[in-house]
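One-letter residues, chain by chain:
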Amino acid sequence: MDICAIGDLFKEWSEPICACATLILSIAVIVINRKVDAESKRAREKDAMLLQPSGISAWFEGLRPGNRVQNAWICNTTELPVYNVVATAVVTKGGDCGKGEACQGAETYRAIFAVAPPGKHSFSMDLTGFWGMCAYPVGFMCTDGNSWIRRGNGVLERIDTDPLTYYGIARPCHFDELIG
């Protein structure tokens, strides 16, 4: 067999092999691109879903021993209101906060607001009989209908029902008023 015959044989076999390899690589690139696009879309949807709830928080102005009425704040840094806002004072133990729904008697130390518009708003809560250090977990519903809790330790958690139902608050309920 001469060298030209070997070259022709190689050409004859390499063209279909290269075509198959190109097809396989093209399919692999399409599959990888679809996975990347799907992951990117999920990340964008998650970022969009967290845009409003990440801007909601609540805290005490300053806990003063012996002072029954404490000033607290709810801050909504977004451009849209949140609804069915439930702020509960819970005892902190070290760096850990109890869940408002798990604390016996927590309903006594709870403020409920129909709407928290954009901005920083204060409210007062009577903490007579409350003991220890405390924090505010705050439950709320975004304008997109998703419900959330910002735990007393700052963690944002999505919940399956609206905050009033989640905390077992009967309707109709008395809504407190935000100041400012």
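None of these values were measured; they are calculated from a predicted model.

Visitor: Please clarify how the pattern of salt bridges should be interpreted in this entry.
Guide: Side-chain pairing between opposite charges can occur once the charged atoms of the two side chains come close. Following the criterion strictly, the structure yields two salt bridges and no others. Measuring nitrogen to oxygen at the nearest pair gives 3.2 Å for the salt bridge that ties Glu157 to Arg151. Looking at Arg151, the relative accessible area reads 8%, which means it is buried. For Arg171, the salt bridge identified is with Asp162, shortest N-O distance 2.3 Å.

Visitor: Could you clarify how one ought to interpret the packing of aromatic side chains in this entry?
Guide: Within the structure shown, the criterion is met by two aromatic pairs. Judged by centre distance (5.0 Å) and plane angle (65 degrees), the ring pair of Phe113 and Phe123 falls under edge-to-face. With Phe113 in strand 6 (residues 110–116) and Phe123 in strand 7 (residues 119–126), the pair connects residues that are ten residues apart, well separated along the chain. Per residue, the accessibility class of Phe113 equals that of Phe123, and both read buried. Its guanidinium or amino end placed over the ring of Trp73, Lys120 lies 4.6 Å from that ring's centre, counting from NZ or CZ.

Visitor: I'm lost on the environment of His174 in this one. Help?
Guide: The topology assignment puts His174 in the segment after helix 2 (163–166). Overall, His174 belongs to the exposed group, its relative accessible area being 62%. On a C-alpha basis, the gap between His174 and Ala111 in space is 9.4 Å, while along the polypeptide they are 63 residues apart.

Visitor: Would you mind going over helix 1 (residues 3–51) with me for this structure?
Guide: Residue pairs spaced three or four apart in an α-helix point in one direction, given the helix's 3.6 residues per turn. An ideal rise of 1.5 Å per residue puts 72 Å on 49 residues; helix 1 measures up with 69 Å between its terminal C-alpha atoms. At Ser14, helix 1 is bent by approximately 25 degrees, the largest bend along its length, and proline Pro16 sits one to four residues beyond.

Visitor: When you look at a negative patch on the surface in this model, what are you seeing that I'm missing?
Guide: A cluster of acidic residues, Asp2, Asp8, Glu12 and Glu15, forms a negative patch on the protein surface. For Glu15, the position within the fold is in helix 1. Given a relative accessible area of 49%, Glu15 falls into the partly exposed group.

Visitor: What should I look at first to understand a nonpolar patch on the surface in this one?
Guide: A cluster of nonpolar side chains, contributed by Leu9, Trp13 and Ile17, occupies part of the molecular surface with about 340 Å² of accessible area. With respect to the element layout, Trp13 can be found in helix 1. Given a relative accessible area of 57%, Trp13 falls into the exposed group.

Scoring rules and cut-offs
- Residues numbered from 1 in each chain as written.
- Predicted model: local features only at pLDDT ≥ 70, side-chain atom pairs only at ≥ 80, totals over all residues.
- Heavy atoms only, no water.
- Salt bridge = Lys/Arg side-chain N within 4 Å of Asp/Glu carboxyl O.
- Buried < 20%, exposed > 50% of the residue type's maximum accessible area, 1.4 Å probe, protein only.
- Phe/Tyr/Trp six-rings, centres within 6.5 Å; stacked < 30°, edge-to-face > 60°.
- Helix = DSSP H or I, 4+ residues; strand = E, 2+ residues; numbered from the N terminus.
- Lys NZ or Arg CZ within 6 Å of the ring centre and 35° of its normal.
- Expected span 1.5 Å × (residues − 1).
- Bend = angle between axes of the 7 residues up to and from the residue.
- Patch = residues over 30% accessible without salt bridge, like charges linked within 9 Å, V, L, I, M, F, W, Y side chains within 5 Å.
- Areas by Shrake-Rupley, 256 points an atom, 1.4 Å probe, with all protein chains shown as cover.
- Lys, Arg positive; Asp, Glu negative; His and termini not counted.
- Charge placed at Lys NZ, Arg CZ, Asp CG, Glu CD.

Limitation: the analysis is restricted to geometry and does not speak to function.
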